[in-house]
Structure formats: C-alpha cells, structure tokens
Amino acid sequence: MTWKSAAGGLFDRTSSSSTVGSREQFNSIIRVYKRHSIIQKFRLLVSQEFVRVILRKMSLTAETVATTVYEGQKPGTSGLRKKVKVFIQPNYTENFVQCILDANGAALKGSTLVVGGDGRYYCKEAAELIIRMCAANGVSKLLVGQNGILSTPAVSSLIRHHKALGGIVLTASHNPGGPENDFGIKFNCENGGPAPDAFTNKIYQLSTAIKEYKTIKSLPVDITKVGTTTHTVNNQPFVVEVIDSVANYVNHMKEIFDFAKLKDYVSGTSSGKPLKMRIDSLNGVTGSYVREIFLNCLGASEQSVVHTTPLPDFGGLHPDPNLTYAKDLVDAVANGDYDIGAAFDGDGDRNMIIGHKAFFVTPSDSLAVIAHYLECMPYFQKNGIQGFARSMPTASTVDLVGKKLGKEVFEVPTGWKYFGNLMDAGRLCLCGEESFGTGSNHIREKDGIWAVLAWLSIMQHTGKGIEDILKNHWAIYGRNYFTRYDYEECELDPCNDMMATMEKTITDAAFVGKEFSSGGKSYKVKVADNFSYTDPVDKSVSTKQGLRIVFEDGSRIVMRLSGTGSSGATVRLYIDSYEKDNVLGQASEMLKPLIDIALEISQLPKFTGRNAPTVIT
C-alpha cells in the first residue's frame, strides 16, 4: 500500500469536497508514512496534501490579539461604510468583526453564519479574515459564497433557508468600489434582515472599548472551490461550506414566479416575438444571477445582458442604478428598440426600471404598480396579501393603492431593517424605498432581481408595455410627481447647521398653516416635523428621522442627511407633488414650483455652497 492509496480520494484535486477523512483513514496514512524510507518520508512531509491533512486533524487553538480602539465605528442605516484605506488599517476590520460577533452574546457558540459580499475590492480578503475569526470565536459552521461572492438578497435567503444565526455581508452597496473608494460590513440577523438599532448600537458600544480580538492565523482557508472542509478548533468541529453563489437564490425565485410563463413570454416561444431587454449588472454582484435567470432559465438572448462580470472596481462604473450613473443603459434603451431596461447596484438589492425609449419608472411608482398587481404572482396567490409599507421620504403613491385595496400602509424611517418586524408579525408583504429599493416578505432585504421579475410578470399578465401600465395606473390613482436631489460629499458641519436651522423654522407653531407660492402654484402647510416612528410591533421609538413638510393637497418636502456615504455628508432633498388629474405633464416642470419653495425654506445653497445637486433622480 502506498500513502496515496491509503488516503483514497482524500487528495484528489478534482474532488468537489475537501472534507477530511475518518480517523482510521488518517491513522492508515501515518502507518504507511512510518514504513517509508527517510527520503520518501521527507517527500511525503513536504507534500502540500500531507501538510494540509495534518493541519486539519490537529486541534487548532484560538489566539488572542491585543488591539486598540478606532473611533467612528458606528454603523449607519446599513452597516459600517468607509474608504478601503480605512478598513485595511491594522486591526480596523478585525475590531469591527469582533464587535459584531460579541454583540451576539451566548448565541454565537455553536451557531451557523453566512458570509459573502458584492466582490468589490478587499471583499475576498475580508471574507478569509472573518472565517478565521469565526473559528476562534466558537461558531460551528459557515456558509461562504464561492470567492466571497453573494448578493445581499441571496444572503438573506440563505439565512432564512438554513435557519442561521445571521450573516456578515461585505458591501458598500451602491457606493463606488476599488482601492481608492469604498468598502462596508453589515450584519443581518436570524430573520435575514439588517440588524436593528438596538443591535447596531451594541456593536458601536463594544467598539469604543475593545481591547482584543480572537483569530486563528494558521487556519488554512480556500474559498475558491465549492466544497466542505471540517477543522478541529478547541477540540470542536468547525465547518466551512463554500457554496455556489447562485443556486439557492435562483431556486427561491422559481418558488415565487411562474418561470414557465415568463420563459414563454421572454423567449417569444408562443408569440414568435421575443421580449427585447437590456439588463445591466454594472459589473456588480448580480452578473452571475442575471445570466442564470434571464439567459439560462428564461431564454433571453446573450445580447440582452451587459456588464455581467463582477469586478473589484466595477470596471470603473458607478454601481448605483439611477438616471445619472446608469446613463449608458438609459442612452442605449432611448436609442434602441427595447421593451424594458433594468440595472442593479453593486450588491444586487436596488433596481431601476425603464420602458420603451427609456420611459422612467420612479421607485415610488414601481412600488405602487407592483402592489396593484400582486395577485398575478404565484407567491401572493398562495400566501395572500397583507399590508404595504414605504420609507418616509418615498412618495405616498402606494398609500392610495393600499386604501383602495383595504390594506394597512405603514410609513417607516429610511432603512430596510424597519420593515422586518412588520413582516415577521404578518402585517406586511410588500415594501419599498425611493432609493431604488423594492422587495417583499420572501426575504428581509430589498431585492433588485425580484423587482424585475415582478415587472416582467405584470407585463406578461397585462399584455401591456411599461409606459401604458403606468398611464393606466395614474388614470386610476392620480400621479405623485417625485424627484430626489442628492448633494454628495458636502462639508458636515454646515449641513448640520442647515438641518438645525430648518428644524427650528418648521417646528415653530406659526409654521403650520403658512402658505408658500411659486410658479403660479400655492401650497399650505398641514404638518411639519422631524419624523419619528413608533414600531407597532415592539413599540421601539426612532426619532429625528428626517425633516418633513406635508401640505394640505398631500404634496411634501423632505430633507435628511444620508447614512450610507463613507465621507462627508450627503444631503437628500425629496419633492413629492400630487396631481389628481394632470397626470401626463413633464415631471421637471410640474415639480419646479415645489423645488423652489424647498430651496427657499431650507436655504440649502447658502449652507452647502452648492447651486446644483450632484445627482437628480
């Protein structure tokens, strides 16, 4: 018997699994080793395969590394986002990961966690670091996306499917990538949704006093191959299962939508007229998912998808699916003969929908239209339709659908975590944010590909194009003309002064009832406040969620500072102007009077020094 035959298939490099064999098999290898000559023993000892087996059979021990506090590790609405150069500082990432793990308390021991991200710069290195730290901190099993790749919706789906304790998601979402740009880490809880305020506050508190972290630097890690590896850590098994990044999510979508009908519609099998699509992944994480779903499952042509290779710097593209950063898509659809165009952000939770000749669907309208047509999708036929919800800055379009259908409608602060309790309590099945996020209770994250599949289902069900679907919707409900002005990377202190000054102005008792006029239109203030929210399920209270002015006709002005940037301040100004009858006007013209009033009340140009926004959506 040779040492290779004793090992059996253990060292087969083509094997899909790297699971270490039984103790008997290991002992057999050692016996063979002892019978070899000195030269043969030396060759065996230096062989990579033998060393790998020895390391795995040894019980590894966690080591404690001293560290010091980094200021500013306070998670925002979706985790901690900073420049890459901040995360790669000595122990910076380790500190934050240790605080995430410690925030789970006793539940961490023996748990299962999911790890993956959008493939941006530093993603793979961070995933490997997290694996070693999870091993040292008593986690029993990790489900890791191959090469560290998992979309944010896929992470949520995996957490729920495997009943995991949670997941560590490596993404800065729609922020640019590359060594000079952004990275991020967030934690999703056992329901699959972003950690609530109480949990992220605990992470931050721990980060202000951390003195050490745990890791196993000698733990061998290879996340490039699908398969399962079992290590022994502190005499306990530690399993790392590297999984296909796409399979679970695609199977989940097949449970929600009628793929047979969609394939017939997209491929044109019955009609002889294939749907003309342009689906743009912007070199983000959705590329592999898009190819599997739209090409392999639904029969679209190769020309239907673009930028489907996830790249660490997104190939120089800005992975934010809006009219500014997805301009190539908009131009292509405007100049081509496409029925639908769609784009996704870096981690796959946001989406933009455009119709023929780049007819733009606002996220607020997208949410409302999907709400109106939910019954055409098998998932909702089976599970029923509960309530709807939107983030406070999102136009109140879906409110009108909810009222017509007799469903509860909730207005929550910005941040997907605020939808989770309502979903878990069975009071919510569809929700959205104006920041190009739409999703349902199939997971606890917004889901870009899900939104596109929902639109394809509506198109197939109605037999109409996107523009006609919208015009029909406005004829029923009226139209909320909506825009968002983003002023990115402003100086923080003047922005804080602006918000404080505006809050003082609008909360003065004399402000309610005041009338503002511009461009021949007048608006009378009905409500003005700094929005606060009491969760109807757990009664938790979130305050100071954005300045809000609501006028008597339902039009609104909202202003807030974003929590998703990595530096400076991003001012977001939201304008929501409702028209019952004049629904076919030009949005820019219809919104101008209210925009001018908003700039007057906020004094935004004075405080920021900006005469124009960075991005208009």
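Just above sits the structure.
Here we summarise the structure given alongside this text. Everything numeric in this text was worked out from a predicted model, so none of it was measured. (Residues numbered from 1 in each chain as written. Predicted model: local features only at pLDDT ≥ 70, side-chain atom pairs only at ≥ 80, totals over all residues. Heavy atoms only, no water.)

Within the protein chain, the secondary structure is distributed over 22 helices and 28 strands. For the protein chain, long-range pairs separated by at least 24 residues make up 71% of all intrachain contacts whose partners lie at least 6 apart in sequence. When the accessible surface of the protein chain is split by element, carbon and sulfur atoms take 49% of a total near 24,600 Å². (Helix = DSSP H or I, 4+ residues; strand = E, 2+ residues; numbered from the N terminus. Contact = heavy atoms within 4.5 Å. Areas by Shrake-Rupley, 256 points an atom, 1.4 Å probe, with all protein chains shown as cover.)

This part takes up the packing of aromatic side chains. Per the stated rule, a full pass over the model turns up 14 aromatic pairs. Taken together, a centroid distance of 6.3 Å and an interplanar angle of 50° make the contact between Phe257 and Trp450 tilted. Placement of Phe257 in the loop between helix 10 (247–256) and helix 11 (259–267) and of Trp450 in helix 18 (residues 448–462) is noted, with a sequence separation of 193 residues between them. Classification of Phe257 by relative accessible area gives buried; the value is 3%. Judged by its relative accessible area of 0%, Trp450 falls in the buried class. The interplanar angle of 85° and the centroid separation of 6.3 Å between the aromatic rings of Tyr418 and Tyr533 together place this pair among those described as edge-to-face. Placement of the pair is Tyr418 in helix 17 (residues 417–424) and Tyr533 in strand 23 (residues 533–534), with a sequence separation of 115 residues. According to the relative accessible area criterion, Tyr533 is buried, its value standing at 7%. Members of the aromatic cluster, connected to one another through ring pairs, are Tyr70, Phe87, Tyr92, Tyr122 and Phe183. If you follow Arg479 out to its NZ or CZ, it ends over the ring of Trp474, 3.9 Å from the centre. (Phe/Tyr/Trp six-rings, centres within 6.5 Å; stacked < 30°, edge-to-face > 60°. Buried < 20%, exposed > 50% of the residue type's maximum accessible area, 1.4 Å probe, protein only. Lys NZ or Arg CZ within 6 Å of the ring centre and 35° of its normal.)

So, about the sheet that holds strand 21 (residues 515–518). Backbone hydrogen bonds hold the strands of a sheet together, and the pairing may be parallel or antiparallel. With antiparallel pairing, the 7 strands of this open sheet are ordered in space as 21-22-25-26-27-20-28. Edge positions in the sheet fall to strand 21 and strand 28 (615–616), since each of these pairs with one other strand and no more. Pairing between strand 21 and strand 22 (residues 521–530): 4 bridges, direction antiparallel. The residue of strand 22 that forms the bridge with Ser518 is Lys521. (Pairing = 2+ DSSP bridges.)

In a packed pair of helices, the relevant descriptors are the angle between the two axes and the axis-to-axis distance. The N-to-C vectors of helix 6 (residues 92–103) and helix 7 (residues 123–136) enclose an angle of 45°; their axes lie 11 Å apart at closest approach. By the angle between their axes, helix 6 is oblique relative to helix 7. Between helix 6 and helix 7 the crossing geometry is right-handed. Judged by residue contacts, Thr93, Glu94, Val97, Gln98 and Leu101 of helix 6 engage Leu129, Ile130, Met133 and Cys134 from helix 7. Among the residues forming the contact of helix 6 with helix 7, the class breakdown is 6 nonpolar, 2 polar and 1 charged. (Axes fitted to C-alpha atoms, helices over the stretch in contact; angles between N-to-C directions. Parallel < 35°, antiparallel > 145°, perpendicular 65-115°, else oblique. Left-handed = near helix turned anticlockwise from the far one by under 90°. Nonpolar A, V, L, I, M, F, W, Y, C, P; charged D, E, K, R; others polar.)

Looking now at the side chain of Arg278. Structurally, Arg278 can be placed in strand 11 (residues 277–280). Despite being buried, Arg278 has no salt bridge partner; Asp280 is the closest side chain of opposite charge, sitting 5.4 Å away. Dropping the residues within four chain positions of it, Arg278 is found in contact with Ser304, Val306, Leu329, Ala332, Val333, Tyr338, Ile340, Gly341 and Ala342. (Lys, Arg positive; Asp, Glu negative; His and termini not counted. Salt bridge = Lys/Arg side-chain N within 4 Å of Asp/Glu carboxyl O.)

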